[in-house]
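Below are the chains, spelled out letter by letter.
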Amino acid sequence: MLDKDGVALLSKLCGMTDGEKFSVLDWTDVFDGGLDDVGKALWKSLLQQGCVTVKYSDEDSVCFAVTLKGRNLNEELATMQVVSDEEKTVVRTDAAGRPVVVMNGGEKLVDHLRKKLHSRSLALIWGLTGGVVGGIIGGAIVALIMHFVIH
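These remarks concern the structure in this document. Please read all numbers here as calculations on a predicted model, not as lab measurements.

Reading guide: rules and limits
Residues numbered from 1 in each chain as written. Predicted model: local features only at pLDDT ≥ 70, side-chain atom pairs only at ≥ 80, totals over all residues. Heavy atoms only, no water. Helix = DSSP H or I, 4+ residues; strand = E, 2+ residues; numbered from the N terminus. Buried < 20%, exposed > 50% of the residue type's maximum accessible area, 1.4 Å probe, protein only. Contact = heavy atoms within 4.5 Å. Areas by Shrake-Rupley, 256 points an atom, 1.4 Å probe, with all protein chains shown as cover. Core = buried A, V, L, I, M, F, W, Y, C linked by side-chain atoms within 4.5 Å. Pairing = 2+ DSSP bridges. Axes fitted to C-alpha atoms, helices over the stretch in contact; angles between N-to-C directions. Salt bridge = Lys/Arg side-chain N within 4 Å of Asp/Glu carboxyl O. Phe/Tyr/Trp six-rings, centres within 6.5 Å; stacked < 30°, edge-to-face > 60°. Lys NZ or Arg CZ within 6 Å of the ring centre and 35° of its normal.

Quick look at the overall build of the protein chain now. Along the protein chain, the regular secondary structure elements total 5 helices and 5 strands. For the protein chain, the N- to C-terminal ordering of α and β elements is α-β-α-α-β-β-α-β-β-α. The 151 residues of the protein chain split such that 26% are buried. Taking the contacts inside the protein chain whose residues are at least 6 apart along the sequence as the reference set, 53% of them involve residues at least 24 apart. Roughly 10,500 Å² of accessible area belongs to the protein chain as shown, and the carbon and sulfur atoms make up 60% of that amount.

Grouped together as the largest cluster of nonpolar side chains are 19 residues, with contacts concentrated most on L10, L13, V30, W43, L46 and F64. Put simply, the parts of the chain that give this core at least two residues each are α1 (4–16), α2 (27–30), α3 (37–49), β3 (61–66) and α4 (68–80). Here this core takes 4 residues from α1, the largest share from any one element. Leave out the neighbours within four places in its chain, and L10 touches L2, L46, C51, V66, G70, L73 and N74.

Another point: the sheet that holds strand β2 (residues 52–57). Read across the open sheet, the 3 strands follow the order β1-β3-β2; overall the sheet is antiparallel. Both edges of this open sheet fall to β1 (23–26) and β2, since each of them pairs with a single strand only. If you compare each strand with its neighbour and ignore which way they point, the axes differ by 35° on average. Where β1 and β3 come together, 4 bridges link them in antiparallel fashion. Counterpart to S23 in the pairing with β3 is F64. Against the sheet, α1 makes contact with β1, β2 and β3, and its axis sits at roughly 90° relative to β3, the strand it touches most.

On to the environment of C51, then. Positionally, C51 belongs in the loop between α3 and β2. Residue C51 is classed as buried on the basis of its relative accessible area, which comes to 0%.

Across 5 bridges, β2 lies against β3 in antiparallel orientation. In the sheet register, V52 faces β3, and the bridge partner there is V66. Counting the residues between successive antiparallel strands, the hairpin from β2 to β3 contains 3 residues.

This next bit is on the pattern of salt bridges. One pass over the full model with this rule turns up 2 salt bridges. In this structure, D32 and K12 form a salt bridge, with 3.8 Å as the shortest nitrogen-oxygen distance. Residue D32 is located in the loop between α2 and α3, and its partner K12 is located in helix α1; the two are separated by 20 residues in the primary sequence. You can call D32 exposed: its relative accessible area is 73%. Looking at K12, the relative accessible area reads 30%, which means it is partly exposed. Residues D18 and K21 are paired through a salt bridge, measuring 3.8 Å at the closest nitrogen-oxygen approach. K21 shares its class with D18; the two are exposed.

Following the criterion strictly, the structure yields 3 aromatic pairs and no others. Relative to F31, the ring of W27 lies with its centre 6.1 Å away and its plane at 15°, an arrangement referred to as stacked. For F31, a relative accessible area of 9% translates into the label buried. When the ring of W27 is compared with that of W43, the centres are 5.2 Å apart and the planes differ by 85°; the resulting orientation is edge-to-face. One end of the pair, W27, is in helix α2; the other, W43, is in helix α3, with 16 residues separating them in the sequence. Judged on exposure class, the residue W27 and its partner W43 are both buried. Through a chain of ring-to-ring contacts, the aromatic side chains of W27, F31, W43 and F64 assemble into a single cluster. Here the guanidinium or amino end of K55 rests over the ring plane of F22, the centre of that ring lying 4.7 Å away.

What follows is the structure, encoded as structure tokens:
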């Protein structure tokens, strides 16, 4: 799973590389302070998700390529514009490889969905009511026209 830092790193790597070609970069180019423990954890999460593939790496540099899955994930996340103030928001991929945003403790999200469902239910009820009333009025008009045309 990718957290906000992992998503930001993936976006940075997609901007620094070209297609699925392998690129050789210094660790200081990838991470601002070089490869530290936090950077290793971020890099490991990108590898585990299949977003990058590594040809070789040493203490100073790395030869890697951003995979097609990583590029697609980055594009879909940019389209979704994942923005969150909570630190517990993570991005996972489902079985088909599509990104899914998961929010822990998302009471706000549940309330928002509940309100949206309520408004959609009301829209459905009013739509059906309008359809029935419109059908009755239309049928009455057609019946009156047919009555006067036939007689």
